[in-house]
Amino acid sequence: MYAVGLHVSLLLGGWVGGSIVGYGIVLLPMFAIAPEPRPAPLAAAALFWFPALVFGWPWAFAMGALLVA
């Protein structure tokens, strides 16, 4: 049962979270007629998100989300 919970948390934190951020980076500025976000914070967030996917660290998911927000 532990493996199912870990799988779901990795799915929501990594794939779904990354997808939401990816769509938001492109679509939100397009519809709001605003500049796109700077790439530096997004690259820093990726440095947290990818190891979080590999090792299953929830704190790294949170740090990546905070950097994007």
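Definitions and limits used
- Residues numbered from 1 in each chain as written.
- Predicted model: local features only at pLDDT ≥ 70, side-chain atom pairs only at ≥ 80, totals over all residues.
- Heavy atoms only, no water.
- Phe/Tyr/Trp six-rings, centres within 6.5 Å; stacked < 30°, edge-to-face > 60°.
- Buried < 20%, exposed > 50% of the residue type's maximum accessible area, 1.4 Å probe, protein only.
- Helix = DSSP H or I, 4+ residues; strand = E, 2+ residues; numbered from the N terminus.
- Expected span 1.5 Å × (residues − 1).
- Core = buried A, V, L, I, M, F, W, Y, C linked by side-chain atoms within 4.5 Å.

1. A few points about the packing of aromatic side chains
In this structure the tally under the stated criterion is 2 aromatic pairs. Measuring from centroid to centroid gives 5.5 Å for W57 and W59, while their planes differ by 20°, and the two rings are stacked. For W57, a relative accessible area of 35% puts it in the partly exposed group. The structure contains a cluster of three or more aromatic residues connected by ring pairs, namely F55, W57 and W59.

2. Remarks on helix α2 (residues 39–55)
Along its 17 residues, α2 runs 25 Å from first to last C-alpha, staying within 8% of the 24 Å computed at 1.5 Å per residue. G56 sits one or two positions beyond α2 and adopts a positive phi of about 70°.

3. Quick look at the nonpolar core
Membership of the largest hydrophobic core is limited to 6 residues, which are L10, V21, W49, A52, A60 and F61. Of all elements in the fold, only α1 (2–32), α2 and α3 (58–68) reach the threshold of two or more residues within this core.

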